[in-house]
Structures are given as C-alpha cells and as structure tokens.
Amino acid sequence: MSKLPIITAPDPRLKKRAAPVGTVDAEVRQLMDDMLETMYAAPGIGLAANQVGVLQRVIVLDLSRDDEPPRPLRMADPELVWVAEEDAGYEEGCLSLPEHYAEVVRPAAILVRYLDETGAQRELEADGLLATCIQHEIDHLDGVLFVDHISALKRNMILRKLLKSKKAAELPAYSETSFAA
Ligand code: NI
C-alpha cells in the first residue's frame, strides 16, 4: 500500500465527474487500499478518488472510533437507489478543504448500491453520520464539494481563504520583500 497526496480546493480535478470502473480488478483494489491508507493517515473518515487525482468512481470510508477495530468500507460505482424524505443536518468538513466546516442538510437515510472489493454487488442501508458521509463522497465523484450546498457568500469566503493559503504555500521561503519563517 502507499499513501497518496490529497488534492485541496480550488483544483479543477475536484470539479470533474469521475468515470465508472465497471469491474473491480487488481488495479481498482490497489487504489482502494492506497486510498484507505491515505485516509487513515490524514486522518479522515471518508475519501473519494477525485481527491487523490484519480477520476474513477471509487470511495472508501471507516466510521469506527479510535477505540474500536477498523471497519473499512470499499465501494466502486456507488449509487443512491433510495433516499429518505426526511433531512438531517451535520457540520461537515473535507480533507480537500482543510480546516473549514459548515452545516449541510441532506437526506437522513439512504440505500446505496455498489461493488465491493471482490466485485460483488452489494446494497447498504445507512442513516446518521454514515448516510451523510456516503452522500458527501458520492458528491465528490460528481465534482460536487460540501461548500456547493451552502450559500454562495460562505462558499466564496472559504474558497478565497483556501486559495490564499495555497498561494502562500507556493511562495519561496524568502524574496527581496518577504520571508516565511
Ligand atoms: Ni470531502
């Protein structure tokens, strides 16, 4: 397994729709494992392939707490086949928008159909944080970020801050007029 670099917004790869994998082969399985390692190291509870620059419909999740054994979920070509009429709001964050959070309202329960790491088709009913997290990750595969669900004012504020810190990170350690120490 190997850890992959996580892309942060703004970046065009986060706005693209990822393509279905169709079948789960050794390459897809490797991607799933690398993404899990990347997610655990971050640390995070979910990761979509777009976030590591791979435009394939693959997501991984693990909502187990620190004192519980890991419960990794590997999903290829996930699709929502049912969503509840009731909504739930959660304070969401994202490894691609580090240190920014906002409340997002989504359907409170879902039924997701996907291919697991063996290529078998599965269905999973989820509510609570898992339902939110799966929807957040499927959004990534469609080029949608959690900030796309909030007001334009708040979204632009977050994206401007991220762009600023990205530019600051790209500056040389010092120049004639400034330095970073
Ligand atoms: Ni995210």
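Our subject is the structure that appears above.
As the structure is a computational prediction, the values presented were derived from the model and not from experiment. (Residues numbered from 1 in each chain as written. Predicted model: local features only at pLDDT ≥ 70, side-chain atom pairs only at ≥ 80, totals over all residues. Heavy atoms only, no water.)

J.: Give a description of the sheet that holds strand β1 (residues 46-48) that names residues and reports values.
T.: Reading across the sheet, the five strands line up as β1-β2-β3-β6-β7 and stay open at both edges, with antiparallel pairing between neighbours. Of all strands in the sheet, those with a lone pairing partner are β1 and β7 (121-127), marking the two edges. Sheet twist, expressed as the average angle between the axes of neighbouring strands with direction ignored, equals 40 degrees. In this sheet, β7 lies alongside strand β6 (residues 109-115) in antiparallel orientation, the contact comprising seven bridges. Residue pairing for β7: Leu 115 is matched across the bridge by Gln 121. Lying on the sheet, helix α1 (residues 26-41) is in contact with β1, β2 (58-61), β3 (73-83) and β6; it crosses β2 at an angle near 40 degrees. (Pairing = 2+ DSSP bridges. Helix = DSSP H or I, 4+ residues; strand = E, 2+ residues; numbered from the N terminus. Axes fitted to C-alpha atoms, helices over the stretch in contact; angles between N-to-C directions. Contact = heavy atoms within 4.5 Å.)

J.: Kindly report on helix α3 (residues 152-170), identifying the contributing residues and their values.
T.: In a regular helix each residue adds 1.5 Å, so 19 residues correspond to 27 Å; α3 covers 27 Å between its end C-alpha atoms and thus fits that length. Where α3 is concerned, the buried positions are Arg 155, Ile 158 and Leu 162. Projected down its long axis, α3 shows its buried positions confined to an angular sector of 70 degrees, all on one face. When the buried face of α3 is taken as reference, the exposed residues oriented beyond 90 degrees from it are Leu 153, Arg 160, Lys 164 and Lys 167. (Expected span 1.5 Å × (residues − 1). Buried < 20%, exposed > 50% of the residue type's maximum accessible area, 1.4 Å probe, protein only. Arc of directions from axis to C-beta.)

J.: Quick one: what's the story with the nonpolar core, residue by residue and with numbers?
T.: With 15 residues, the main nonpolar core has Val 28, Met 32, Met 35, Leu 47, Val 58, Val 60 and Ala 76 as its most contacted residues. Mapped onto this core, the elements with two or more residues apiece are α1 and β2. Ranked by residue count, the leading element in this core is α1, at six residues. The residues touching Val 58, leaving out its near neighbours within four places in the chain, are Val 21, Val 28, Leu 31, Met 32, Met 35, Leu 47, Ala 48, Ala 49, Met 75, Ala 76 and Leu 141. In this structure, Ala 48, Ile 59, Ile 110 and Ile 138 belong to the second largest nonpolar core, which totals 14 residues. (Core = buried A, V, L, I, M, F, W, Y, C linked by side-chain atoms within 4.5 Å.)

J.: Tell me what's going on with α1, and back it up with residues and numbers.
T.: Along its 16 residues, α1 runs 23 Å from first to last C-alpha, staying within 8% of the 22 Å computed at 1.5 Å per residue. When we look at burial in α1, the residues that qualify are Val 28, Leu 31, Met 32, Asp 34, Met 35, Leu 36, Thr 38 and Met 39. Looking at the buried positions of α1, the neighbouring elements they touch are β1, β2, β3 and β6.

J.: A description of the pattern of salt bridges should follow, citing residues and the corresponding values.
T.: Oppositely charged side chains can pair when the atoms bearing their charge come close. Overall, the coordinates contain 13 salt bridges when judged by the stated rule. Across the pair Lys 15 and Asp 148 runs a salt bridge whose closest N-O atoms are separated by 3.1 Å. Pair noted here: Lys 15 is in the segment before α1 and Asp 148 is in the loop between α2 (128-141) and α3, with a separation of 133 residues, a long-range link. We classify Lys 15 as partly exposed; its relative accessible area is 45%. As a salt-bridge pair, Glu 92 and Arg 106 come within 2.7 Å of each other at their nearest N and O atoms. (Salt bridge = Lys/Arg side-chain N within 4 Å of Asp/Glu carboxyl O.)

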